[in-house]
Amino acid sequence: MPPLAHSATAAGPAPAEPADRAGRFLRRAGGAALIACPLLMLAGMMTCPPQDSDSTVDYITSLARDAFLTELSAILLHYGLIAGALGAMVVPGLVRGRKGRWLTLFGALAAALGLLNVSGAVRDDWWRMVLGRQLPLDVAVRISDTVDGSAFMPLWSGTEMFAFLGLLAVCAGLARAGVVGWWLSAVYLGAFVAMMFIPIDLTYVVGGAFSLLFLPLAVAGVRTLQRVRAAA
């Protein structure tokens, strides 16, 4: 063995490079964000003011009824979506081979785009709450509908579907890569279908089903932290 190699072996393993430490920190932070996302989403949905129907009238009425709950729910949902979008960036790193690589990458990017856009849209809860508290209900509804009907609004609100398609792609990509089982895709699809049929007035049931849509991120977060711990 060369003298230099012998000296390095005797001295023990070389200290981790700063880039390695930074990479581990980012993976840990990403994993934690992925786990925090569905927890914050669940908390946000459980504190969401009850709504009688999906009409604009009932939506504004529910937001204006309890300002504290409206603001608490909105801020929890906002940061839950932000955490999910940021954490999604580490998900493709779970795929080691070729199987599922591009599907997972597409899913992570699409989910991040959709979640970031929806996180900004949560601000609607604040101004609609104020409209409902300070203006006659018919005026508040007219303003709300006018904003929603703006020409470029679909370029913002329409990206919500990217989040749902992206999360489904993440499920399928990670399953193909052997990182998770196909059961996760089944749970996701079940929650997605349930959201179409559960009446909106069943607030807590809707909230639970909606939060399940973010379960893939939590599972990916657990896998990420396990990988970081195993590599340490």
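Just above, that's the structure.
What you see as residue numbers is a count from 1 along each chain, following the sequence as written. Two thresholds apply to this predicted model, a pLDDT of at least 70 for residue-level local features and 80 or more for giving and counting side-chain atom pairs, whereas whole-chain, interface and lining totals are computed over all residues. The basis for every side-chain value is the complete set of heavy atoms in the structure, and neither hydrogens nor water enter the calculation.

This part covers a positive patch on the surface. On the surface, Arg-27, Arg-28, Arg-96, Arg-227 and Arg-229 cluster together to form a positively charged patch. Each helix is a run of H or I in the DSSP string that is no shorter than four residues. Each strand is a run of E no shorter than two, and both are numbered from the N terminus. Listing elements by their share of the positive patch, those giving two or more residues are helix 2 (18–46) and helix 12 (215–231). With respect to the secondary-structure elements, Arg-229 resides in helix 12. Residues enter patches when their relative accessible area tops 30% and they take part in no salt bridge; the joining distance is 9 Å for like charges and 5 Å for the nonpolar side chains Val, Leu, Ile, Met, Phe, Trp and Tyr. Areas reported as accessible are Shrake-Rupley estimates using a 1.4 Å probe. Residue values count occlusion only from the protein chains shown. Salt-bridge detection follows one rule: a side-chain nitrogen of Lys or Arg within 4 Å of a carboxyl oxygen of Asp or Glu. Only four residue types enter the tally: Lys and Arg on the positive side, Asp and Glu on the negative side, with His and both chain ends excluded. Positions of charges follow a simple convention, taking NZ of Lys, CZ of Arg, CG of Asp or CD of Glu.

This part is about the packing of helix 3 (residues 56–65) against helix 7 (residues 137–148). With their axes 10 Å apart at the nearest point, helix 3 and helix 7 run at an angle of 110° to one another. Considered as vectors, helix 3 and helix 7 are oriented roughly perpendicular to each other. With respect to the hand of their crossing, helix 3 and helix 7 are arranged in right-handed fashion. Across the interface between the two elements, Thr-56, Val-57, Ile-60 and Thr-61 from helix 3 touch Leu-137, Ala-140, Val-141, Ser-144 and Asp-145 from helix 7. Angles run from 0 to 180 degrees between N-to-C directions of axes, and those axes are lines fitted to C-alpha atoms, restricted for helices to the stretch in contact. Small angles under 35 degrees read as roughly parallel and large ones over 145 as roughly antiparallel, with 65 to 115 read as roughly perpendicular and the rest as oblique. In this scheme, a crossing is called left-handed if the near helix is turned counterclockwise away from the far one by less than a right angle; it is called right-handed if the turn is clockwise. In what follows, a contact means two residues having at least one pair of non-hydrogen atoms within 4.5 Å.

Under the counting rule described, the total for this entry stands at two salt bridges. Across the pair Asp-124 and Arg-128 runs a salt bridge whose closest N-O atoms are separated by 3.2 Å. Of the two residues, Asp-124 and Arg-128 both sit in helix 6 (residues 124–134), four residues apart, roughly one turn of that helix. Summary of the burial criterion: residues with accessible area below 20% of their type's maximum are buried, those above 50% are exposed, and those between are partly exposed, where the area comes from a 1.4 Å probe applied to protein chains only. Under the relative-accessibility criterion, Asp-124 is labelled partly exposed at 22%. For Arg-128, a relative accessible area of 3% corresponds to the buried category. The closest approach of N and O atoms between Arg-128 and Asp-148, which form a salt bridge, is 2.7 Å. Here Asp-148 lies in helix 7 and Arg-128 lies in helix 6, a separation of 20 residues in the sequence. Here the residues in one salt-bridge network are Asp-124, Arg-128 and Asp-148, joined through shared partners.

The next point concerns the packing of aromatic side chains. Pairing of aromatic side chains requires ring centres within 6.5 Å, counting the rings of Phe and Tyr and the six-membered ring of Trp. Pairs whose planes differ by under 30 degrees are stacked, by over 60 edge-to-face, and all others tilted. Evaluated as defined, the whole model comprises two aromatic pairs. Arranged with centres 5.8 Å apart and planes meeting at 65°, the rings of Phe-164 and Phe-192 form a pair that is edge-to-face. Taken together, the residues span a long stretch of sequence, with Phe-164 in helix 9 (residues 160–176) and Phe-192 in helix 10 (residues 183–197) at a distance of 28 residues. Of the residues examined, Phe-164 reaches a relative accessible area of 13% and is grouped as buried. Ring centres 5.4 Å apart and planes at 70° place the aromatic pair Phe-210 and Phe-214 in the edge-to-face group. The residues Phe-210 and Phe-214 share a single accessibility class, namely buried.

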